[in-house]
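Each chain is listed here by its residues.
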Amino acid sequence: MKLLIDEESIPLLPSLVHLVGINGALFMQQVHFRSLISKNVRDGHRWIHKTYIDWTKEFTFWSSNTIRRIIYDLENKGYLISTDHHNRMKIDNTKWYRIDYTRLPASAFEHEQVTCPEPPRAPVEVEQVHVAELGKPITKELKESLKIKNKDQVEMNLDVARVVINYLNEKTGKQFKAHSTATKKFINGRMKEGYTQEDFMKVVDLKVSEWIHHAEFNRFLRPSTLFNATNFENYVNELAAVQKPKKRMLALPVLDFNKGDEHV
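Bear in mind that the values here come from a model prediction, so they are computed numbers and not experimental data. (Residues numbered from 1 in each chain as written. Predicted model: local features only at pLDDT ≥ 70, side-chain atom pairs only at ≥ 80, totals over all residues. Heavy atoms only, no water.)

For the protein chain, the helix and strand inventory stands at ten helices and four strands. Listing the helices and strands of the protein chain from first to last along the sequence gives α-β-β-α-α-β-β-α-α-α-α-α-α-α. Out of the 264 residues belonging to the protein chain, those deemed buried represent 34%. The contacts in the protein chain between residues at least 6 apart in sequence include a share of 63% that link residues at least 24 apart. (Helix = DSSP H or I, 4+ residues; strand = E, 2+ residues; numbered from the N terminus. Buried < 20%, exposed > 50% of the residue type's maximum accessible area, 1.4 Å probe, protein only. Contact = heavy atoms within 4.5 Å.)

Next comes the structure, spelled out in structure tokens:
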């Protein structure tokens, strides 16, 4: 079996691995590369924006949950800065990322071809030279293959939307439409964050059980409330609390020593 293959490799410096671990180093190296070719400039910095699903296409050997943990760790350590404030739509929670180069040793991102101790702010001409030297992205795919994958993803999301909305209508007696533009945005947004069809249905069950018989809250049994980014995350956390097994209190036997031995 061939273990050394002729593919484009991911360059890593041992000093960076010692600093943030091998997973963190792999992730930061790709963020660094993407920053060099990014045209998204905000607040004087170059940013890249990707969903967790997008990152799994960059790192096919990691799950979205693993990527979440890596990002969370780098954010807590201060090496990675992220925000969703640059999105045009408030319901869009896609994160934007950049490296805080001031937190790294001067040599952390130095190698033969590119030296970048600070966020790259070079003119376009210089930037193009750097891109040529770096070569292709780690997971460069054919355009036709990407079209097929994107089509499959859209169809999968639409199938989930149909199932979830039909389930909601069945539970509430309402008539929401799965192909509604607003409804698809809510469901697609949560799926990009890693939630599954089962998560949607559990949230529906939870809120229907709480609100279906209350006229004041029944009107909130709708996609725009249930699948809103902030609300949905809160409801999923409520599910975790509801499903947590309760401790059973053991009742100690009451002994009456005044009734004699025949009752023992």
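Picking up where we left off.
A separate point is the sheet that holds strand β4 (residues 95-99). The sheet built from four strands is open, its strands ordered β1-β2-β4-β3 with antiparallel pairing. A single partner strand is all that each edge strand has here, and the edge strands are β1 (40-42) and β3 (80-83). Within the sheet, the average angular offset between the axes of one strand and its neighbour, ignoring direction, is 40°. The pairing of β3 with β4 spans four bridges and is classified as antiparallel. Within β4, the position partnered with I81 by the bridge is R98. Along the sheet, helix α1 (residues 14-37) contacts β2 (45-50), β3 and β4; its crossing angle with β2, the most-contacted strand, is approximately 115°. Against the sheet, helix α3 (residues 64-77) touches β3 and β4, its axis set at about 110° to β3. (Pairing = 2+ DSSP bridges. Axes fitted to C-alpha atoms, helices over the stretch in contact; angles between N-to-C directions.)

Turning next to the pairing of β2. For β2, the tally of buried residues reaches five of six residues, placing the bulk of the element in the interior. Where β1 meets β2, three bridges bridge the pair, whose relative direction is antiparallel. Residue N40 lies in a different strand from β2, and its bridge partner there is W47. The turn joining β1 and β2, which pair antiparallel and follow one another in sequence, is formed by two residues; a positive phi near 55° is taken by D43. Bridging between β2 and β4 involves three bridges; their strand directions are antiparallel. Pairing of K50 across the sheet is with K95, part of β4.

Three- or four-residue spacings in an α-helix give side chains the same orientation, since the helix completes a turn every 3.6 residues. For helix α6 (residues 181-192), with twelve residues, the first-to-last C-alpha span of 16 Å sits near the 16 Å given by 1.5 Å per residue. Three or more residues of α6 are buried, namely T183, F186, I187, G189, R190 and M191. Backbone geometry just after α6 places G194 at a positive phi near 105°. (Expected span 1.5 Å × (residues − 1).)

Here T172 lies in helix α5 (residues 143-172). For T172, the side chain forms a polar contact with the main-chain nitrogen of K174, separated by 3.3 Å. Sequence-distant contacts of T172, defined by excluding residues within four places in its chain, comprise V208, I212 and L221. (Polar contact = N/O pair within 3.5 Å; in protein donor to acceptor, adjacent residues only side chain to side chain.)

Here we take up α1. Compared with the 34 Å implied by 1.5 Å per residue over 24 residues, the 24 Å span of α1 between its first and last C-alpha is markedly short. Where α1 bends most, at G21, the angle is about 115°. (Bend = angle between axes of the 7 residues up to and from the residue.)

Ranked by size, the top nonpolar core spans 23 residues in total, and within it I187, F200, V204, L226 and F227 carry the most contacts. Those residues in contact with I187, other than ones at most four positions away along the chain, are V160, A161, V164, I165, F200 and F227. (Core = buried A, V, L, I, M, F, W, Y, C linked by side-chain atoms within 4.5 Å.)

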